[in-house]
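Each chain, written out:
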Amino acid sequence: MSVLRDLFTALRGGASEVGEAVIDANAVRILEQEIRDAETAIGKAKQSLTRMKGTEIRLKREIGVLDADISDYEQKAMAALNNGEEKLATEVAERIAELESDRNDKGSEQASLDAEINKIHAMIKARERTIQKNKRELDKVRTVRELQRATESVSTNFAATGSSEHRVAKALERVKAKQQNWQDRMQAGEWMAEKEGGDDLDAKLRDKGIGDSGSPAASDVLARLKAKSA
Amino acid sequence: MTLDELSYRLNGYTGEEGTTFDALVTDDGILEVVCSNNDEFPIHVTQTETQLLSVTALFTQAEVQPGKVNEVNEAFLRLSPAVPLSSIGLQGGTYILFGSMAVSTRFEVIAHELEVQAENAVDVLEVVEHLLA
């Protein structure tokens with residue numbers, strides 16, 4: 001069952017203690033125990049799988065050898081028949097029948113082993129789902145616990161600043177004033193940048209000899225003085 | 001990323017919208033972040049195994065004008081889906097704005113979420129300001 005319902009009941013009931021006490025501590029312990037149990041079961045199942053895989057490989061190899069033998073004896077039986085050796089062919093056919101029976105036994109052993117392996121895979125998947133589900137459930141509890149811790153920590157700040165009248169309105173006013181101030185500075189920055197950009201334009205025009213000629217160069221002054229003294 | 005690392009990186013970072021961060025891990029292991037775009041409502045960041053949780057406490061039920069709690073609740077229920085990246089909740093008697101992120105979230109994305117949450121707090125409070133004492 002989901003822990004959300006328990007959480008809601010506890011929170012509606014005014015549970016505000018920090019920690020997993022918000023829901024029955026037993027519920028958390030059960031979830032954690034189920035996770036541990038599932039992990040142990042998966043570990044054991046994986047060991048069984050390794051053993052079974054070994055058996056499966058051996059069976060496959062033995063069936064392969066039997067199939068090769070059967071096919072070999074079949075060819076020999078055909079050859080005996082073609083040579084008119086009926087009696088010999090019958091003996092070979094008896095051997096083939098024994099080999100086939102042996103192969104069928106091993107085949108059914110392999111089939112039941114496959115079924116067993118599939119069952120174990122399904123069990124591992126189911127246990128993994130349990131682990132994931134329980135972890136999500138535990139995370140809900142931990143999320144509530146952490147939210148409580150964080151909120152409590154901020155609420156302490158409220159208490160420190162005092163829950164004075166219009167606390168929020170005053171705080172909002174201060175934030176907006178700061179934001180306005182920041183925007184004003186941004187605009188001032190843009191104005192400055194534009195102005196600097198404009199000066200650049202004047203400089204470019206001066207370079208081309210258009211508009212204000214700018215400050216006089218030393219060579220101009222010298223030329224003027226020389227003209228005076230002449 | 002641990003909360004200590006997050007704190008260290010936030011302190012030297014400027015967000016996409018020019019926001020700077022003042023971050024500090026408290027003695028209880030909670031990361032307190034003050035964003036320059038809203039320094040009146042700090043964000044408290046905490047962590048579970050899978051999530052980073054960021055909480056801005058807005059106001060308590062005691063700060064709501066008498067008889068207006070239902071109106072605040074309805075406003076918040078209607079508003080919550082429209083608020084980008086943050087949700088509104090009630091924790092004990094305190095209304096909170098909160099965000100949750102996977103613990104594997106990239107630093108720049110975390111910083112952006114915090115920046116937006118700080119901005120959201122101002123927007124949300126403006127809507128219900130008239131219902132507060």
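Residues numbered from 1 in each chain as written. Chains lettered and ligands numbered in written order. Predicted model: local features only at pLDDT ≥ 70, side-chain atom pairs only at ≥ 80, totals over all residues. Heavy atoms only, no water.

### Description of the nonpolar core
So, point 1. In this structure, B:Leu58, B:Phe59, B:Phe76 and B:Val124 are the most contacted members of the largest nonpolar core, which totals 22 residues.
So, point 2. Among the elements that take part in this core, helix 3 (residues 107–128) of chain B stands out by supplying five residues, more than any other.
So, point 3. A:Ala45, A:Leu49, A:Val141 and A:Val144 belong to the second largest nonpolar core, which has 19 residues in total. (Core = buried A, V, L, I, M, F, W, Y, C linked by side-chain atoms within 4.5 Å. Buried < 20%, exposed > 50% of the residue type's maximum accessible area, 1.4 Å probe, protein only. Helix = DSSP H or I, 4+ residues; strand = E, 2+ residues; numbered from the N terminus.)

### With respect to the interface of chain B and chain A
So, point 1. Contacts between the two partners involve 36 residues from chain B, matched on the other side by 29 residues from chain A.
So, point 2. Summed over both sides, the interface between chain B and chain A buries roughly 2,800 Å², with carbon and sulfur atoms accounting for 59% of that surface.
So, point 3. It is B:Glu40, B:Glu63 and B:Gln91 in chain B that bury the most area against chain A; as a group they hold 19% of the surface buried on that side.
So, point 4. Where chain B meets chain A, there are six salt bridges.
So, point 5. Among the salt bridges present, the one from B:Glu49 reaches A:Arg142, with a minimum N-O distance of 3.2 Å.
So, point 6. On the surface where chain B and chain A come into contact, there are 14 residue pairs in polar contact (both at pLDDT 80 or more).
So, point 7. Counting only elements with at least two residues in the side of chain B that touches chain A, the list comes to strand 3 (38–47), strand 4 (51–60), strand 6 (94–102) and helix 3 of chain B.
So, point 8. Counting residues per element, the side of chain B that touches chain A draws most heavily on strand 3 of chain B, at eight residues.
So, point 9. Residue classes in the side of chain B that touches chain A are distributed as 14 nonpolar, twelve polar and ten charged. (Contact = heavy atoms within 4.5 Å. Buried area = accessible area lost by both parts, 1.4 Å probe. Salt bridge = Lys/Arg side-chain N within 4 Å of Asp/Glu carboxyl O. Polar contact = N/O pair within 3.5 Å; in protein donor to acceptor, adjacent residues only side chain to side chain. Nonpolar A, V, L, I, M, F, W, Y, C, P; charged D, E, K, R; others polar.)

### Quick notes on a negative patch on the surface
So, point 1. Residues A:Glu91, A:Glu94, A:Glu98, A:Asp102, A:Asp105 and A:Glu109 make up a contiguous surface patch of negative charge.
So, point 2. Here A:Glu98 falls in the exposed class, since its relative accessible area comes to 54%. (Patch = residues over 30% accessible without salt bridge, like charges linked within 9 Å, V, L, I, M, F, W, Y side chains within 5 Å. Areas by Shrake-Rupley, 256 points an atom, 1.4 Å probe, with all protein chains shown as cover. Lys, Arg positive; Asp, Glu negative; His and termini not counted. Charge placed at Lys NZ, Arg CZ, Asp CG, Glu CD.)

### Section: helix 5 (residues 218–229) of chain A
So, point 1. For helix 5 of chain A, built from twelve residues, the straight-helix expectation of 16 Å at 1.5 Å per residue is met to within 8% by its first-to-last C-alpha distance of 17 Å.
So, point 2. Among the twelve residues that make up helix 5 of chain A, zero are buried, leaving the element largely open to the surroundings. (Expected span 1.5 Å × (residues − 1).)

### Focus: the packing of helix 1 (residues 3–11) of chain B against helix 3 of chain B
All names here are of chain B.
So, point 1. At a minimum axis separation of 11 Å, helix 1 and helix 3 run at an interaxial angle of 75 degrees. When the axis of helix 1 is compared with that of helix 3, the two are roughly perpendicular. When helix 1 is examined against helix 3, the residues Leu6, Arg9 and Leu10 are found in contact with a partner set consisting of Phe107, Glu108, Ile110, Ala111 and Leu114. (Axes fitted to C-alpha atoms, helices over the stretch in contact; angles between N-to-C directions. Parallel < 35°, antiparallel > 145°, perpendicular 65-115°, else oblique.)

### Quick word on the pairing of strand 4 of chain B
All names here are of chain B.
So, point 1. Of all ten residues in strand 4, nine are buried, a share of seventy percent or more.
So, point 2. Both strand 3 and strand 4 contribute to a ladder of four bridges, which runs antiparallel. What sits directly across from Gln47, in strand 4, is Leu52.
So, point 3. From the end of strand 3 to the start of strand 4, which pair antiparallel, there are three residues.
So, point 4. When strand 4 meets strand 6, the two strands line up antiparallel, connected through nine bridges. Each residue of the ladder has a partner; that of Leu52, found in strand 6, is Met101. (Pairing = 2+ DSSP bridges.)

### Concerning the pattern of salt bridges
So, point 1. The full count for this structure, using the stated rule, is 19 salt bridges over all chains.
So, point 2. Two residues, A:Lys106 and A:Glu62, come together in a salt bridge whose shortest N-O distance is 3.0 Å. Here A:Lys106, found in helix 3 (residues 86–161), pairs with A:Glu62, found in helix 2 (residues 25–82); they are 44 residues apart in sequence, far enough to count as distant.
So, point 3. The exposure class of A:Glu62 is partly exposed, given its relative accessible area of 25%.
So, point 4. Overlapping salt bridges, with partners in common, bring together A:Arg174, A:Lys178, B:Asp39 and B:Glu40 in one network.

### Things to note about the packing of aromatic side chains
So, point 1. Evaluation of the coordinates by the stated rule reveals five aromatic pairs over all chains.
So, point 2. Their ring planes at 70 degrees and their centres at 5.4 Å tell us that B:Phe76 and B:Tyr95 sit as a pair that is edge-to-face. Of this pair, B:Phe76 sits in helix 2 (residues 69–79) while B:Tyr95 sits in strand 6, placing them 19 residues apart in sequence. Just as B:Phe76 is buried, B:Tyr95 falls in that class too.
So, point 3. Every member of this aromatic cluster is reached through a ring pair, and the members are B:Tyr13, B:Phe21 and B:Phe107.
So, point 4. It is A:Lys76 that lies over the ring of A:Tyr73; its NZ or CZ is 5.5 Å from the centre. (Phe/Tyr/Trp six-rings, centres within 6.5 Å; stacked < 30°, edge-to-face > 60°. Lys NZ or Arg CZ within 6 Å of the ring centre and 35° of its normal.)

### Re the side chain of B:Gln91
So, point 1. Within the element layout of this structure, B:Gln91 appears in strand 5 (residues 87–91).
So, point 2. Judged by its relative accessible area of 10%, B:Gln91 is buried.
So, point 3. Ignoring anything within four residues of it in the chain, the contact list for B:Gln91 reads A:Leu11, A:Val144, A:Leu147, A:Gln148, A:Thr151 and B:Ile96.

### Let's talk about the side chain of B:Glu63
So, point 1. Here B:Glu63 lies in the loop between strand 4 and helix 2.
So, point 2. With relative accessibility at 8%, the residue B:Glu63 sits in the buried group.
So, point 3. Engagement of the side chain of B:Glu63 in a polar contact is seen with the side chain of A:Arg167, the distance being 2.7 Å.

### Some details on the pairing of strand 2 (residues 31–35) of chain B
Residue and element names in this part refer to chain B.
So, point 1. Burial along strand 2 is one-sided: the face carrying Leu31, Val33 and Cys35 is buried and the face carrying Glu32 and Val34 is not.
So, point 2. Where strand 1 (residues 21–25) folds back on strand 2, the antiparallel hairpin that results is connected by five residues, among which Gly29 adopts a positive phi of roughly 80 degrees.
So, point 3. Pairing analysis gives four bridges linking strand 2 to strand 3, with the strands arranged antiparallel. Residue pairing for strand 3: Cys35 is matched across the bridge by Asn38.

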